[in-house]
Amino acid sequence: MFISDCRREFYDVIISQALFQCDHVQYTLVPVSGWQELETAFLEHKDQFKYFVLINCGANVDLLEILQPEEDTFFFVCDSHRPINVVNVYNDTQVKLLVKQDDDLDVPAYDDIFRDEEDEEEDSENESDELEPSEKRRRFEEDVIERTMKRRQRREWEARRREILFDYEQYEYHGTSSAMVMFDLAWIMSKDLNDMLWWAIVGLTDQWVQDKITQMKYVTDIGILQRHVSRHNHRNEDEENSLSIDCMRIAFEYDLRLALYQHWSLYESLCNTSYTSASLKLWSVQGQKRLQEFLADMGLPLRQVKQKFNSMDMSLKENLREMIEESANKFGMKDLRVQTFSIHFGFKNKFSASDIVYATVSLMENIEKDGPETTNFIKALDSLSRGNLDKLHQGLDLAKKQLRAIQQTVASCICTNLVISQGPFLYCSLMEGTPDVKLFSKPVSLCLLSKYLLKSFVCSTKNKRCKLLPLVMAAPMDVERGTVIMVGIPPETESSDKKNFFGRAFEKAADSTSSRTLHNHFDMSIIELKTEDRSKFLDALISLLS
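Residues numbered from 1 in each chain as written. Predicted model: local features only at pLDDT ≥ 70, side-chain atom pairs only at ≥ 80, totals over all residues. Heavy atoms only, no water.

Per an unreviewed UniProt entry, the chain is named Cell division cycle 45, and its organism is Otus sunia. UniProt, in its Subcellular location (unreviewed entry) section for the chain, records the words "Nucleus". According to the UniProt record, the Sequence similarities (unreviewed entry) comment for the chain reads "Belongs to the CDC45 family." (UniProt positions renumbered as here; feature names shortened; annotations may be inferred.)

1. Things to note about the overall build of the chain
Of the regular secondary structure elements, the chain holds 23 helices and 16 strands. Residues counted as buried form 52% of the 546 residues belonging to the chain. Across the chain, the fraction of contacts at a sequence separation of at least 24, relative to all contacts at a separation of at least 6, is 70%. (Helix = DSSP H or I, 4+ residues; strand = E, 2+ residues; numbered from the N terminus. Buried < 20%, exposed > 50% of the residue type's maximum accessible area, 1.4 Å probe, protein only. Contact = heavy atoms within 4.5 Å.)

2. Some remarks on the sheet that holds strand E8 (residues 248-256)
Strand order in the open sheet formed by three strands is E8-E9-E10, with antiparallel pairing between adjacent strands. What marks the edges here is a single partner per strand, and that holds for E8 and strand E10 (349-352). Taking the axes of each pair of neighbouring strands and ignoring which way they run, one obtains an average angle of 30 degrees across the sheet. For E8 and strand E9 (residues 337-345), the ladder comprises nine bridges, and the chain directions are antiparallel. (Pairing = 2+ DSSP bridges. Axes fitted to C-alpha atoms, helices over the stretch in contact; angles between N-to-C directions.)

3. Things to note about the nonpolar core
Judged by nonpolar contacts, the single largest core of 73 residues is most densely connected at Trp198, Ile201, Ile250, Phe440 and Leu453. The contacts of Phe440, once residues within four sequence positions are left out, are Ala405, Ile406, Thr409, Leu430, Ser445, Leu446, Leu449, Ala475 and Ile485. (Core = buried A, V, L, I, M, F, W, Y, C linked by side-chain atoms within 4.5 Å.)

4. What about the sheet that holds strand E13 (residues 471-478)?
Read from one edge to the other, the open sheet built from six strands follows the order E11-E12-E13-E14-E16-E15, with strand pairing classed as mixed. Each having just a single partner strand, strand E11 (420-421) and strand E15 (517-518) make up the two edges of the open sheet. Both E11 and strand E12 (residues 426-429) contribute to a ladder of two bridges, which runs antiparallel. The residue of E12 that forms the bridge with Ile420 is Tyr427.

5. Some words on a nonpolar patch on the surface
Nonpolar side chains collect at one region of the surface, where Leu185, Trp187, Ile188 and Met189 lie side by side and expose about 390 Å² of accessible area between them. With respect to the helices and strands, the residue Met189 is situated in the loop between helix H8 (178-188) and helix H9 (194-209). Judged by its relative accessible area of 35%, Met189 is partly exposed. (Patch = residues over 30% accessible without salt bridge, like charges linked within 9 Å, V, L, I, M, F, W, Y side chains within 5 Å. Areas by Shrake-Rupley, 256 points an atom, 1.4 Å probe, with all protein chains shown as cover. Salt bridge = Lys/Arg side-chain N within 4 Å of Asp/Glu carboxyl O.)

6. Regarding helix H19 (residues 375-383)
Here H19 lies mainly inside the structure; seven of its nine residues are buried. Here H19 has its buried residues at Thr375, Asn376, Phe377, Lys379, Ala380, Leu381 and Ser383.

7. Structural notes on helix H21 (residues 443-460)
Structural remark: α-helix, 3.6 residues per turn; residues separated by three or four positions point the same way. In this model, H21 (18 residues) spans 25 Å end to end at C-alpha, consistent with the 26 Å of a helix rising 1.5 Å per residue. Of all the 18 residues making up H21, 16 are buried; the element is thus mostly covered by neighbouring parts of the structure. (Expected span 1.5 Å × (residues − 1).)

8. Considering the side chain of Asp355
Mapped onto the fold, Asp355 is located in helix H18 (residues 353-364). At 8.4 Å, Lys350 is the nearest oppositely charged side chain to Asp355, a buried residue that forms no salt bridge. There is a polar contact of 3.0 Å between the side chain of Asp355 and the side chain of His263. A polar contact is formed between the side chain of Asp355 and the backbone nitrogen of Ser352, at a distance of 2.9 Å. Asp355 has contacts with Leu260, His263 and Leu396, leaving out every residue within four places of it along the chain. (Lys, Arg positive; Asp, Glu negative; His and termini not counted. Polar contact = N/O pair within 3.5 Å; in protein donor to acceptor, adjacent residues only side chain to side chain.)

9. Some points on the pattern of salt bridges
Applying the stated rule across the entire model yields 22 salt bridges. Between Lys212 and Asp523 there is a salt bridge, and its shortest N-O distance comes to 3.6 Å. You can see Lys212 sitting in the loop between H9 and helix H10 (215-233) and its partner Asp523 sitting in the loop between E15 and strand E16 (526-530), a full 311 residues away along the chain. Between Asp397 and Lys400 there is a salt bridge whose closest N-O contact spans 3.9 Å. Taken together, the residues span about one helical turn, with Asp397 and Lys400 both in helix H20 (residues 389-415) at a distance of three residues. Because the salt bridges share partners, they merge into one network encompassing Glu253, Asp255, Arg321 and Lys350.

And the structure:
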């Protein structure tokens, strides 16, 4: 069973593990971070196993072409990457896709993209021997016309096929969280547990935190999970269960859109949350002044908001959400309230779903080397277990460092005008020596930085055209090998459908310039590029998108 160890919600790994353990099925868990590792892992295990479960990888490429498996090898793919490769969709034997039935896949019809080869040879030798010369000539002319018509129809069909596939594959986006799909599978099998439900919630929240799905999709899926939460947690209101120190209770709630605020100080959370930082323009002196005015409007003393949230006066915390929402509306932050879920372990441990997302992402992308490459994945996996709260708290501490680094880098990029317009897109490049630059050699951290930077730039610029542009961002990847990591993200608009066209654009720009690129990430919009090829690659990208 192969797992993608970063970027997508990997919380479904535990759900599938739990299902296997329920049925006493032996399995091997192999974390992989890209296509190269997936191919290597498959080659190492293909002689031992015939059934492979691919989670958060494999749907958007032709698996049979890449892995070249034997005919008795079968793949079960649960992946939120879209669009799904058409060969995987129409392969009836070796590739089995796990998707929600109500997902709008918009796959082209089989006859529009596949066509049986026609045998155009005519077996009419015996008949033609008996024909008169004039009849032979007429028959020959008819055959020529018929073959010409067939070739013309074939060319038209192939042109239409290219157009259909281009429209289908042009944009990269995400479907229902793999964690939710796996939970649905557990529910259908009547093996769903409260722990599995929580992992599904965290998987969905990961998509929302990383801005992979639309607000409408998020709210719809929240509604689906809310019904399961009511079903699984209504008994926890009994006196017997509520007094248990080991009890686990999930609750739906409207919470504040402030990162880690219950495990941080309110002041730090306001400063390091993308939404509030961008809205108040906290990188500027005027923005800092607006923050002080915002706190004053709420009537919160600076001494209280700068200490740990748990240490704030109870009288302030009781009505804190209402106070913040009321003042936020006055300062133009009308979306500070968000639908989410929280979890209670026993009496004192409470975490929101976004807390878990930030913690696990930080553990997976921890840049401090501590053992093999898979160590970070195992630590992140352990942090999702309620028996490993120390790992979770370690992740929360790392997440605070990550969010501080992101906000400081965003402030630096805007104040030094590092975001420049290249015509069809905005471009920003981090130089070697930039503080925390090593952190941004990791894909999720760079994507979060890019999204936060674009949001802040849109709030800061007065150029209306620039507000509608996507962003390409680059950071040093490996100084010794001379490579950079580059990511493209769609425009920051309210009507954005979160579809990303940079994956295909990067491929075409690399092909047209023979740039040395590595398309190893499961997200096509993230690539690695030789530093000396960056200029010609960007020139081709500008020309392509203009």
